[in-house]
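Spelled out from the first residue to the last, the chains are:
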Amino acid sequence: MPRFSRAVALIAVLLLAQPALAQRLRLVADAWPPFTDSTLVNGGLATDIVTTALGRAGYASDFEQVPWARALMGVGDGRYDVLINAWYDDARTQLGQFSEEYLLNRVRFIKRRDDPIDYTNLAQLHDESIAVVRGYAYSAPFDQDTQLNKIPVHNFAMAVRMLAAQRVRLTLEDEYVARYYLARESPRVRNSVEFLDKPLSENSLHILVSLKNPEHAQIVASFDREIEKMKADGSYARLMKAHGM
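Values in this document were obtained by computation on a predicted structure and should not be read as measured data.

Rules used throughout
- Residues numbered from 1 in each chain as written.
- Predicted model: local features only at pLDDT ≥ 70, side-chain atom pairs only at ≥ 80, totals over all residues.
- Heavy atoms only, no water.
- Helix = DSSP H or I, 4+ residues; strand = E, 2+ residues; numbered from the N terminus.
- Buried < 20%, exposed > 50% of the residue type's maximum accessible area, 1.4 Å probe, protein only.
- Contact = heavy atoms within 4.5 Å.
- Areas by Shrake-Rupley, 256 points an atom, 1.4 Å probe, with all protein chains shown as cover.
- Lys, Arg positive; Asp, Glu negative; His and termini not counted.
- Charge placed at Lys NZ, Arg CZ, Asp CG, Glu CD.
- UniProt positions renumbered as here; feature names shortened; annotations may be inferred.
- Salt bridge = Lys/Arg side-chain N within 4 Å of Asp/Glu carboxyl O.
- Axes fitted to C-alpha atoms, helices over the stretch in contact; angles between N-to-C directions.
- Parallel < 35°, antiparallel > 145°, perpendicular 65-115°, else oblique.
- Nonpolar A, V, L, I, M, F, W, Y, C, P; charged D, E, K, R; others polar.
- Pairing = 2+ DSSP bridges.
- Arc of directions from axis to C-beta.
- Domains from an automatic or database assignment.
- Buried area = accessible area lost by both parts, 1.4 Å probe.
- Polar contact = N/O pair within 3.5 Å; in protein donor to acceptor, adjacent residues only side chain to side chain.

Caption draft 1: The overall build of the chain, seen in detail. For the chain, the count of helices and strands is 9 helices and 9 strands. Counting only C-alpha atoms and orienting by the principal axes, one finds that the chain spans roughly 85 × 35 × 30 Å. Burial status across the chain gives 49% buried among its 245 residues. Within the chain, contacts between residues separated by at least 24 positions form 73% of all contacts whose residues are at least 6 apart in sequence. Surface exposure of the chain reaches about 12400 Å², of which carbon and sulfur atoms provide 54%. Across the chain, the centroid of the 29 positively charged side chains sits 6 Å from that of the 30 negatively charged ones.

See the structure below:
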């Protein structure tokens, strides 16, 4: 076989052996520091973990940051391939395939420091106003409880300011996210609120891969495999430490 023909054949074999490299994944998330935010190092902790795992699996990627509702809709209609920061919700399985857990979020209620409110079950909060971020899923019992007085807002910063101004009695958020935002609030807001002791839930964080992508099952399997390898070889722990976790 002529040298040129052998080179062409070798390139063809290599391309066939690495199908994942042919697809560049479109990643999306909303601004949710310290987990996802384009202003943070490598896009935040979750973005760094996800892009690292997908890269190890052979997938190049591009990241776009958009509001949550647009991100979720974009995964559903195939505009994006991977939603980086999804909590499990049955309805979302109609839009994409979930990976296994790669991070854990602990959601806690927040109240004004001078307010004696507490709870042991959600029924005790039916008469209280609770600021929630529009489109977020917090926990199945909370999300499905139609007797709770939920006040939709655009983001946590708005929610906690409403709380400090006594416009609502409670809000809630992942503990790490809340602490990140509170550290950037004015002392008046930051010092006027505190967490309730009892957490609402512990939610596993996943990627959600669009069902419109014909390789969604392969992408999820590859991601899950690489996350396990990262935990075993210490690179996952190094990323957590690099992001202050």
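Caption draft 2: Examining the UniProt feature "domain: Solute-binding protein family 3/N-terminal" (unreviewed entry) in the chain more closely. Within the UniProt annotation, "domain: Solute-binding protein family 3/N-terminal" (unreviewed entry) is assigned to residues 24–245. The span residues 24–245 is 33% helix and 29% strand, and its two end C-alpha atoms sit 29 Å from each other.

Caption draft 3: Quick look at the side chain of glutamate 173. Here glutamate 173 is to be found in strand S8 (residues 170–174). No salt bridge is formed by the buried glutamate 173. Its closest oppositely charged neighbour is arginine 92, at 11 Å. With residues near it in sequence (within four places) discarded, glutamate 173 still touches Trp32, Arg106, Val107, Arg108, Tyr136, Phe156 and Ala178.

Caption draft 4: Here's a closer look at the environment of proline 187. Topologically, proline 187 is positioned in helix H7 (residues 187–190). Along the backbone, proline 187 and valine 132 are 55 residues apart, and their C-alpha atoms lie at a distance of 22 Å.

Caption draft 5: Highlighting the packing of helix H2 (residues 45–56) against helix H8 (residues 216–233). At a closest axis distance of 8 Å, the pairing of H2 and H8 adopts a crossing angle of 105°. When the axis of H2 is compared with that of H8, the two are roughly perpendicular. Taken together, the residues of H8 that come into contact with H2 (itself represented by Ile49, Val50, Thr52, Ala53, Leu54 and Arg56) are Ile219, Phe223, Glu226, Ile227, Lys229, Met230 and Asp233. Along the lines of polarity and charge, the residues of the contact of H2 with H8 split into 8 nonpolar, 1 polar and 4 charged.

Caption draft 6: Just the pairing of strand S5 (residues 103–112), in detail. In terms of burial, S5 is a largely internal element, 8 of the 10 residues being buried. When S5 meets strand S9 (residues 193–210), the two strands line up antiparallel, connected through 9 bridges. Residue pairing across strands places arginine 112 opposite valine 193, the latter belonging to S9.

Caption draft 7: Representation of helix H3 (residues 68–77). Inspection of H3 places Trp68, Ala71, Leu72, Gly74 and Val75 among the buried residues, and these make up the whole buried set. Seen from one end, H3 has its buried residues packed into an arc of 160°, which puts them on one side. Exposed positions of H3 whose direction lies more than 90 degrees from the buried face are Ala69 and Met73. Tucked inside the fold, the buried residues of H3 contact strand S1 (24–29), strand S3 (82–87) and S9. Positive backbone phi, at 85°, marks glycine 78, one or two positions downstream of H3.

Caption draft 8: Fine view of the domain arrangement of the chain. Segmentation of the chain into domains returns domain 1 (23–103 + 203–243) and domain 2 (104–202). Using only C-alpha atoms to locate each centre, domain 1 and domain 2 end up separated by 26 Å. With both sides pooled, the region where domain 1 packs onto domain 2 buries about 1400 Å², and carbon together with sulfur makes up 54% of that total. When the buried area of domain 1 at its contact with domain 2 is split by residue, Pro33, Trp87 and Asn203 rank highest and sum to 43% of it. Where domain 1 touches domain 2, the interface holds 0 salt bridges. For the pair domain 1 and domain 2, the interface holds 6 residue pairs in polar contact (both at pLDDT 80 or more). A breakdown of the residues in the side of domain 1 that touches domain 2 according to their chemical character gives 10 nonpolar, 2 polar and 3 charged.

Caption draft 9: Molecular detail of the pairing of strand S2 (residues 60–65). By the bridge criterion, 6 bridges tie S1 to S2 in an arrangement that is parallel. Note that in S2 the partner of leucine 27 across the bridge is phenylalanine 63.

Caption draft 10: Molecular detail of the side chain of glutamate 175. Structurally, glutamate 175 is set in helix H6 (residues 175–182). The buried category is assigned to glutamate 175, whose relative accessible area is 15%. What glutamate 175 contacts, discounting residues up to four positions off in sequence, is Arg106, Arg108 and Phe195.

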